[in-house]
Amino acid sequence: MSLLCLSDPPSCSAVIYLKNRVNRAWQRQEHYINEVVIPDDAKARFRDRLLPILAASPTLVRHQLVPILQRILHFDFPERWPTFMDYTVQLLNTNDAPSVQAGLQCLLAICRAYRFKASDGESRVQFDKIIEANFPRLLAICNELVNQDSDEAGEMLHIALKSYKHATWVRSSLPVPGF
Amino acid sequence: MDASTVRSWLVSTADADADVRRRAELELKKVSGGLIVIVVVVPSPSLIVAFLRHGSAVGPWVDKTMSSPEMLTIPLRVQGEQHPGFTDVLLDIIQAEQNASIQLQGTPTPNDLRSDGCVSVVPL
């Protein structure tokens, strides 16, 4: 953290403030009863800007942005953020490694988000659609990454494999509709 | 409040001069939500207690040394943004630091995809 602050103090301070603010005030929290909840219009602007910023951020800033994304998905997906998966698909389909990495992080974030969603048939249906739409692309990305030797490729592969892990966990825990 | 001003305050929080840091932190507290001081005139201590119970004060301490018996200074911690749009300004700052060449610009072009429709990950 200190290294990040030395190299880029404004971004460091800004992203840490945003992370704390989103954690405390995206929804009313029992632990932060005095916190002013972020207004809906500000939330909408925040959602619109988050993924492009995530895709273009340096690694250390991105590490702070991912928990923000996770938090927002927990509360807002899919009802208030129906375009999230469209953006994720766009990122996964680009020919630019940082954007693809951001797409992988988005996919991992949505897999994680479903771990904490209600265990009902509707969630299972939603998650199955996400898998059907994105995991073929994920497999293609993994097939390319395993042939690369760079640290970045290794990190991307790690993120991708974590998505498989979480997806497996979710699919084994959510009930199949009709049963 | 604009991004360049807030950015300069953020930079100043890492300044070697303690006074510069303090001033910057104070400015940031004003816009981001921090300790503010409200002076209230109250006729009796019981009203103070009532105010603290029903107001938004998070701490019950009252600095009597700073004021007359009739005028008490009650610090309240106000959480959240004092200026709407502060989160937008912070996003502006983060965005401004980025390399514009790798920002996501709308939908990917056909050149971003391989002929078989799969992703081509550029070696890093």
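Time to look at unusual backbone geometry. Residue P78 of chain A is bonded to the preceding F77 of chain A through a cis peptide linkage, with omega at 0°. Within the secondary structure, P78 of chain A sits in the loop between α4 (59–76) and α5 (84–93).

What follows covers helix α3 (residues 40–56) of chain A. Residues and elements named next belong to chain A. Compared with the 24 Å implied by 1.5 Å per residue over 17 residues, the 25 Å span of α3 between its first and last C-alpha is a close match. The largest bend in α3 is about 35°, located at L50, with the proline P52 one to four residues further on. Burial analysis of α3 places twelve of its 17 residues in the buried class, which makes it a mostly covered element.

Below, the discussion takes up the confidence of the model for chain A. Here chain A averages 88 in pLDDT, while 90% of its residues score no lower than 70. Here residues 1–6 of chain A is a poorly scored stretch, pLDDT under 50, and it has eight contacts once near neighbours within four places are set aside; other chains count.

Take the confidence of the model for chain B next. All names here are of chain B. Taken as a whole, chain B shows an average pLDDT of 62; of its residues, 39% reach a score of 70 or greater. Model confidence for chain B, summarised as mean pLDDT per element, is weakest for strand β1 (residues 35–41) at 44 and strongest for helix α4 (residues 86–97) at 89. Across residues 100–124 the pLDDT falls below 50, and counting only partners more than four positions away or on other chains, this stretch makes 56 contacts in the model. Reported confidence for the predicted complex is 0.84 by ipTM and 0.73 by pTM.

On to the pattern of salt bridges. For the structure on display, the rule yields nine salt bridges over all chains. Between D88 of chain B and R45 of chain A there is a salt bridge, with the nearest N and O atoms lying 2.7 Å from each other. You can see D88 of chain B sitting in helix α4 and its partner R45 of chain A sitting in helix α3, one on each of two chains. Looking at D88 of chain B, the relative accessible area reads 13%, which means it is buried. For the salt bridge of D19 of chain B with R22 of chain B, the shortest nitrogen-to-oxygen distance reads 2.9 Å. With D19 of chain B and R22 of chain B both in helix α2 (residues 18–32) and three residues apart, the pair spans about one turn of that helix.

For the rest of this paragraph, the subject is the packing of helix α1 (residues 3–12) of chain B against α4 of chain B. All names here are of chain B. Relative to each other, α1 and α4 sit at 75°, their axes nearing to 9 Å. Viewed along their axes, α1 and α4 adopt a mutual orientation that is roughly perpendicular. Contact with α1, carried on its side by A3, V6, R7 and L10, involves F86, V89, L90, D92, I93 and E97 of α4 and no other residues of that element. Looking at side-chain class alone, the contact of α1 with α4 contains seven nonpolar, no polar and three charged residues.

Another point: the nonpolar core. Soluble globular proteins: nonpolar side chains tend toward being buried together. Residues and elements named next belong to chain A. Counting residues in hydrophobic clusters, the biggest one holds 66 residues, and the most contacted among them are L69, F84, L104 and I110. Considering every element that reaches this core, the biggest residue donor is helix α6 (residues 97–115), with eleven residues. Discounting chain neighbours no more than four positions away, the residues touching L104 are L92, L138, I141, L145, M156, I159, A160 and S163.

So, how was this worked out
Residues numbered from 1 in each chain as written. Chains lettered and ligands numbered in written order. Predicted model: local features only at pLDDT ≥ 70, side-chain atom pairs only at ≥ 80, totals over all residues. Heavy atoms only, no water. Helix = DSSP H or I, 4+ residues; strand = E, 2+ residues; numbered from the N terminus. Expected span 1.5 Å × (residues − 1). Bend = angle between axes of the 7 residues up to and from the residue. Buried < 20%, exposed > 50% of the residue type's maximum accessible area, 1.4 Å probe, protein only. pLDDT = per-residue confidence, 0-100. Contact = heavy atoms within 4.5 Å. Salt bridge = Lys/Arg side-chain N within 4 Å of Asp/Glu carboxyl O. Axes fitted to C-alpha atoms, helices over the stretch in contact; angles between N-to-C directions. Parallel < 35°, antiparallel > 145°, perpendicular 65-115°, else oblique. Nonpolar A, V, L, I, M, F, W, Y, C, P; charged D, E, K, R; others polar. Core = buried A, V, L, I, M, F, W, Y, C linked by side-chain atoms within 4.5 Å.

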